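Spelled out from the first residue to the last, the chains are:
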Amino acid sequence: MLQYLDNASSSIVFSIDESAFSGHVKISGVLTERKANEIRKAVERSANVVEYFKLNLENVTAVDVSCIEALYATCENLGKSNKPVQIEGICPVAFTSAVEDVGYSYHKWLCFGP
């Protein structure tokens, strides 16, 4: 399990389920470009072990728009490798608003499209 802490109220927790079938990434607090890069590194290291990834953004309180492109690219690269990223839980308005602000809401990924 990877746990990355910016401070007491901001974190990333990455884990792989017991069957090694799925990887789970849970983000709390502010989603930044640094966090998006940490997510990319963690999932790339484990992509040969798991079949898909679940991303939980429910506790994201704010989003730095500079991270959207990096997170989108990570999801796209994993999808091309047949390792899809699925949203788990409710997608917060802070995330959907940031994605809309940078123009990525028309792509089918995470909270957008089927």
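Residues numbered from 1 in each chain as written. Predicted model: local features only at pLDDT ≥ 70, side-chain atom pairs only at ≥ 80, totals over all residues. Heavy atoms only, no water.

## Things to note about empty space enclosed by the protein
Then step 1. Applying the stated criterion to the full structure yields 1 cavity of 30 Å³ or more.
Then step 2. The computed volume of the largest cavity comes to approximately 50 Å³.
Then step 3. Residue lining of the largest cavity: Val25, Ile39, Val43, Phe53, Lys54, Leu55, Leu71, Thr74, Cys75, Leu78 and Val85, and that is the complete set.
Then step 4. Within the residue set of the lining of the largest cavity, elements represented by two or more residues are α1 (33–46), β4 (52–63) and α2 (68–80).
Then step 5. Ranked by the residues each element gives to the lining of the largest cavity, the list is headed by α2, at 4 residues.
Then step 6. The residue inventory of the lining of the largest cavity, partitioned by class, reads 9 nonpolar, 1 polar and 1 charged. (1 Å grid on protein atoms, 1.4 Å probe; cavity = no way out; pocket = protein on both sides within 12 Å on 5 of 7 lines; lining within 4 Å. Points joined across faces, edges and corners; volume = space filled by probe spheres on them. Helix = DSSP H or I, 4+ residues; strand = E, 2+ residues; numbered from the N terminus. Nonpolar A, V, L, I, M, F, W, Y, C, P; charged D, E, K, R; others polar.)

## What to know about the packing of aromatic side chains
Then step 1. This structure, assessed with the given rule, holds 6 aromatic pairs.
Then step 2. Their ring planes at 70° and their centres at 5.9 Å tell us that Phe95 and Trp109 sit as a pair that is edge-to-face. Here Phe95 is found in helix α3 (residues 93–101), whereas its partner Trp109 is found in the segment after α3, with 14 residues between them in sequence. Of the two residues examined, Phe95 and Trp109, each falls in the buried class. (Phe/Tyr/Trp six-rings, centres within 6.5 Å; stacked < 30°, edge-to-face > 60°. Buried < 20%, exposed > 50% of the residue type's maximum accessible area, 1.4 Å probe, protein only.)

## Section: the state of the cysteines
In a disulfide, the sulfur atoms of two cysteines are held together by a covalent bond.
Then step 1. Tallied over the entire structure, the rule returns 1 disulfide.
Then step 2. The disulfide partner of Cys91 is Cys111, and the S-S distance across this bridge is 1.6 Å. Between Cys91 and Cys111, the S-S dihedral sits near 85°, and the bridge is therefore right-handed. Residue Cys91 is located in the loop between β5 (85–88) and α3, and its partner Cys111 is located in the segment after α3; the two are separated by 20 residues in the primary sequence.
Then step 3. Considering cysteine sulfurs only, Cys75 is the nearest to Cys67, which forms no disulfide, with 11 Å between them. (Disulfide = S-S within 2.5 Å.)

## Description of the nonpolar core
Then step 1. Grouped together as the largest cluster of nonpolar side chains are 30 residues, with contacts concentrated most on Val25, Ile27, Leu31, Val63, Ile68, Phe95 and Trp109.
Then step 2. For this core, the secondary-structure elements that each account for two or more residues are β2 (10–16), β3 (22–31), α1, β4, α2 and α3.
Then step 3. Counting residues per element, this core draws most heavily on α2, which supplies 6 residues.
Then step 4. Discounting chain neighbours no more than four positions away, the residues touching Ile27 are Ser11, Ile12, Lys35, Ile39, Leu55, Asn56, Leu57, Asn59 and Val60. (Core = buried A, V, L, I, M, F, W, Y, C linked by side-chain atoms within 4.5 Å. Contact = heavy atoms within 4.5 Å.)

## Quick word on unusual backbone geometry
Then step 1. The phi dihedral of Asn82 falls on the positive side, at around 60°, and the residue is not glycine.
Then step 2. Inspection of the secondary structure assignment puts Asn82 in the loop between α2 and β5.
Then step 3. Take Asn82: its relative accessible area is 63%, and that puts it in the exposed class.

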